[in-house]
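# Structural description and commentary
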Amino acid sequence: MAFLVSEWQRQSQAFFAPFSDYPASFLAAARQAAQDLERHPAHLLTWARVAALLGEAALAQSIAQAALPRVPERATSLRAKLEAVLAG
């Protein structure tokens, strides 16, 4: 336990630092996700939702639009959620 406590400062900084400037850091991450052609559609759904929560409806819709062609045929729930983002 002492080791975990001693490592918290170093490890937590590395993990949380990219998100320390809310909302700008989250918006930047959502914009980056929109450009990532390798990201899984479910992860793109998360970033589309983040963009929507930040009031960036156009970005949310563009992320969802980019994700839809990559959704597997059997992932009907994921497809429906992405389509809901597009519907606004």
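Let me sum up the structure you'll find in this document. (Residues numbered from 1 in each chain as written. Predicted model: local features only at pLDDT ≥ 70, side-chain atom pairs only at ≥ 80, totals over all residues. Heavy atoms only, no water.)

## Considerations on the nonpolar core
Counting 21 residues, the largest nonpolar core has Ala30, Trp47, Leu59, Ile63, Leu82 and Val85 as its most contacted members. At the level of secondary structure, the elements contributing two or more residues to this core comprise α2 (24-35), α3 (41-53), α4 (57-67) and α5 (76-87). Top element by residues in this core is α3. It accounts for 6 residues. (Core = buried A, V, L, I, M, F, W, Y, C linked by side-chain atoms within 4.5 Å. Buried < 20%, exposed > 50% of the residue type's maximum accessible area, 1.4 Å probe, protein only. Helix = DSSP H or I, 4+ residues; strand = E, 2+ residues; numbered from the N terminus.)

## Some remarks on the packing of aromatic side chains
Scanning all chains against the criterion turns up 4 aromatic pairs. Here Phe15 and Phe16 contribute two aromatic rings whose centre-to-centre distance is 4.8 Å and whose plane-to-plane angle is 90°, an arrangement assigned as edge-to-face. Given the relative accessible area of 46%, Phe16 is considered partly exposed. Seen from their ring centres, Tyr22 and Phe26 are 5.4 Å apart, and the 75° between their planes marks the pair as edge-to-face. (Phe/Tyr/Trp six-rings, centres within 6.5 Å; stacked < 30°, edge-to-face > 60°.)

## Notes on the pattern of salt bridges
Within the structure shown, the criterion is met by 2 salt bridges. We note a salt bridge from Arg10 to Glu7, for which the minimum N-O separation is 2.4 Å. One end of the pair is Arg10 and the other is Glu7, both in helix α1 (residues 2-16) and 3 residues apart, which spans about a single turn. According to the relative accessible area criterion, Arg10 is exposed, its value standing at 54%. One salt bridge connects Asp36 with Arg39, and the closest N-O pair in it is separated by 3.1 Å. Looking at Arg39, the relative accessible area reads 22%, which means it is partly exposed. (Salt bridge = Lys/Arg side-chain N within 4 Å of Asp/Glu carboxyl O.)

## Points about a nonpolar patch on the surface
Among the surface-exposed residues, Met1, Phe3, Leu4 and Val5 lie close enough to one another that they form a single nonpolar patch of about 530 Å² accessible area. Mapped onto the elements of the fold, Met1 is located in the segment before α1. (Patch = residues over 30% accessible without salt bridge, like charges linked within 9 Å, V, L, I, M, F, W, Y side chains within 5 Å. Areas by Shrake-Rupley, 256 points an atom, 1.4 Å probe, with all protein chains shown as cover.)

## Observations concerning the environment of Trp47
Along the chain, Trp47 falls in helix α3. For the pair formed by Trp47 and Ile63, sequence separation is 16 residues and the distance between their alpha carbons is 7.5 Å. The residues contacting Trp47, other than those within four sequence positions of it, are Phe19, Phe26, Ala29, Ala30, Ala33, Arg39 and Ile63. (Contact = heavy atoms within 4.5 Å.)

## Things to note about the packing of α3 against α5
Two numbers describe how α3 lies on α5: the axes approach to 10 Å, and their chain directions differ by 30°. When the axis of α3 is compared with that of α5, the two are roughly parallel. The hand of the α3/α5 crossing is left-handed. Between α3, through Pro41, Ala42, Leu45, Ala48 and Arg49, and α5, the contact on the second element is made entirely by Leu78, Lys81, Leu82 and Val85. (Axes fitted to C-alpha atoms, helices over the stretch in contact; angles between N-to-C directions. Parallel < 35°, antiparallel > 145°, perpendicular 65-115°, else oblique. Left-handed = near helix turned anticlockwise from the far one by under 90°.)

## Some words on the packing of α2 against α3
Relative orientation of the contacting elements α2 and α3 amounts to 140°, with a least axis distance of 9 Å. What the angle tells us is that α2 and α3 run oblique. The handedness of the crossing between α2 and α3 comes out as left-handed. The segment α2 lies against α3, with Phe26, Ala29, Ala30 and Ala33 engaging Leu44, Trp47, Val50 and Ala51. Residue classes in the contact of α2 with α3 are distributed as 8 nonpolar, no polar and no charged. (Nonpolar A, V, L, I, M, F, W, Y, C, P; charged D, E, K, R; others polar.)

On their own, these measurements won't tell you what the molecule is for.
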